[in-house]
Amino acid sequence: MADYRKMWEELGMDVESHDNLCEVLPQAIGDTFLAQENRPEKMDYFDFVISEVHGVRPAELKKFREEGGKVFGTFCAYVPDEIIFAANGIATGLCAGSQFWVPAGEAVLPANTCPLIKASLGARFSRTCPFFRLADMYIGETTCDGKKKAYEILAEDVPMHIMDLPQMKRPVDVKKWADEVRILKDVVEKVTGNPVTKENLAENIRKINRKRAALQRLYDLRKNPNVPISGTDVLLISQIAYYDDPERFTMKVNELCDELEQRAAQGVNVAKGKKRIMFTGTPMAVPNWKMHSLVENCGAVVVCEETCTGTRYFENQVDESGTTMDEMIDHIAERYMKINCACFTPNTGRIDDILRLAKEYNVDGVIDVHLKFCQTYDTESYFVERKLKEEGIPVLEIETDYTETDAQQLKTRVEAFIEMM
Ligand code: BJ8
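Conventions adopted
- Residues numbered from 1 in each chain as written.
- Predicted model: local features only at pLDDT ≥ 70, side-chain atom pairs only at ≥ 80, totals over all residues.
- Heavy atoms only, no water.
- Core = buried A, V, L, I, M, F, W, Y, C linked by side-chain atoms within 4.5 Å.
- Buried < 20%, exposed > 50% of the residue type's maximum accessible area, 1.4 Å probe, protein only.
- Helix = DSSP H or I, 4+ residues; strand = E, 2+ residues; numbered from the N terminus.
- Pairing = 2+ DSSP bridges.
- Axes fitted to C-alpha atoms, helices over the stretch in contact; angles between N-to-C directions.
- pLDDT = per-residue confidence, 0-100.
- Patch = residues over 30% accessible without salt bridge, like charges linked within 9 Å, V, L, I, M, F, W, Y side chains within 5 Å.
- Areas by Shrake-Rupley, 256 points an atom, 1.4 Å probe, with all protein chains shown as cover.
- Salt bridge = Lys/Arg side-chain N within 4 Å of Asp/Glu carboxyl O.
- Lys, Arg positive; Asp, Glu negative; His and termini not counted.
- Charge placed at Lys NZ, Arg CZ, Asp CG, Glu CD.
- Contact = heavy atoms within 4.5 Å.

**Q** With reference to specific residues and values, describe the nonpolar core.
**A** Of all hydrophobic cores here, the largest spans 147 residues; its most connected members are F46, L201 and I237. With nine residues, helix α11 (residues 198–221) is the largest single contributor of residues to this core.

Here it is, written out as structure tokens:
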């Protein structure tokens, strides 16, 4: 990584402790990504972004703030980026996927909290993540209980706005979510000092739709018998989607897709002779590459993720036909309420999605993976597995965390699963 020490110091980071995190990253990137054979050339952009994860984008955000811009950190796929960008702010994902941050999170949270939440608070309080330093305000949401309560602790240290996400999907709930989007608009207008106009909201609806369309294009390429890209590489792209500049990201994903179309036509197939796996479950935040790496090193290929670092992030577009501010906000709310997170009750839409995606991506088996202490996804596994079994689709349930302590045991289970398919 280039030398960003001065920037990290200026951001008030614990640079010495941060060095320990940086030390392990090149090896992890090398082992997980670069060691794969016959990768698409256009992955070089995403390799660069991840190798400079705490440098290149944070430097852009820092410059943006120095010029008067405001950065909003988000934790959930429900937070509508359109509103933030329309106020000339920047939205950046804050979810943390490294065990490195977990102990600092455990210092303020119960040990039996999900690692994603522990790592998020740990990243803030240990001062070892530039994104957590750069956000002027964090946008939380009332999804799971663990996050909700953790946000109260974060709020002692950083300005927070919480969006009250309904937990059901009746028309009244969609209306309520639209009201929450309106409140978010007021908040970001106040923080940025910029009004959200009809024109800039319409423009940003189109901009984020284009980003989703690029991701859909990438995923569609994985539906083919010839799969031109590994699941591990696609996971990296999905993770970068949360924090890269949306327009540049869209352009780079489309460039990659151009190459992938050629590769598929030339017969390049990373799935040749391999079982096609779909993941469903909790999101995999950077740098959590554990399960993809494991499954693909066991000789299968991941062709789809029904997760928030997967289809839940980009499926469904915001209707662009709105002409008034109210219509546009209603359309935004309608699109986001189509995300099927296990914090909703009932959440049958997710089961329908899983069955639909299993067919679309022609999968041989599904791995239902959730983070330890995530009650909602763990409980919902009951329906996920029952339905998949009814449909004759092999399914393996895995509960894991960010440590490597279960690596050997998981390998044995995944190998047995692939074997029996
Ligand atoms: S829309 S999945 S990003 S809430 S894993 S913190 S649920 S205890 S991350 Fe999520 Fe939004 Fe839903 Fe997606 Fe809680 Fe579970 Fe931890 Fe989770």
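Now that the structure is up, let's keep going.
**Q** Which residues make up the pairing of strand β7 (residues 365–371), and what values do they have?
**A** Both faces of the sheet carry side chains from a regular strand, because those side chains alternate between them. With respect to burial, β7 is a largely interior element, seven of its seven residues being buried. Side-chain alternation along β7 places G365, I367, V369 and L371 on one buried face and V366, D368 and H370 on a second face that is also buried. The pairing of strand β5 (residues 276–281) with β7 spans five bridges and is classified as parallel. Looking across to β7, one finds that T280 is bridged to D368.

**Q** Describe in detail the sheet that holds strand β8 (residues 395–400), supporting the description with residues and values.
**A** Taken in spatial order, the four strands make up an open sheet running β6-β5-β7-β8, and their pairing is parallel. Each having just a single partner strand, β6 (301–306) and β8 make up the two edges of the open sheet. Neighbour-to-neighbour, the strand axes of this sheet turn through a mean angle of 25°, independent of strand direction.

**Q** Help me get a handle on the environment of E255, residues and values and all.
**A** Within the fold, E255 resides in helix α13 (residues 246–265). The spatial distance from the C-alpha of E255 to the C-alpha of A214 is 9.6 Å, given a sequence separation of 41 residues.

**Q** Which residues make up the confidence of the model for the protein, and what are the values?
**A** Within the protein, residue pLDDT values average 97, and 100% of them lie at 70 or more. Both confidence scores are given for the complex: pTM 0.98, ipTM 0.93.

**Q** Can you explain a negative patch on the surface? Please cite residues and give values.
**A** Together, D319, E320, E327 and E334 line one region of the surface with negative charge. As for its placement among the helices and strands, E320 is situated in the loop between α15 (311–314) and α16 (325–336). Given a relative accessible area of 46%, E320 falls into the partly exposed group.

**Q** Describe in detail the sheet that holds strand β4 (residues 160–163), supporting the description with residues and values.
**A** Taken in spatial order, the four strands line up as β2-β1-β3-β4 in an open sheet, and their pairing is parallel. Each edge of the sheet is formed by a strand with only one pairing partner; in this case those strands are β2 (90–93) and β4. Neighbour to neighbour, the strand axes of the sheet diverge by 30° on average, direction disregarded. Where strand β1 (residues 71–74) and β2 come together, four bridges link them in parallel fashion. The partner of T74 across the bridge, within β2, is G93. Most of the contacts of helix α4 (residues 56–66) go to β2, to which it runs at about 150°, and overall it touches β1 and β2.

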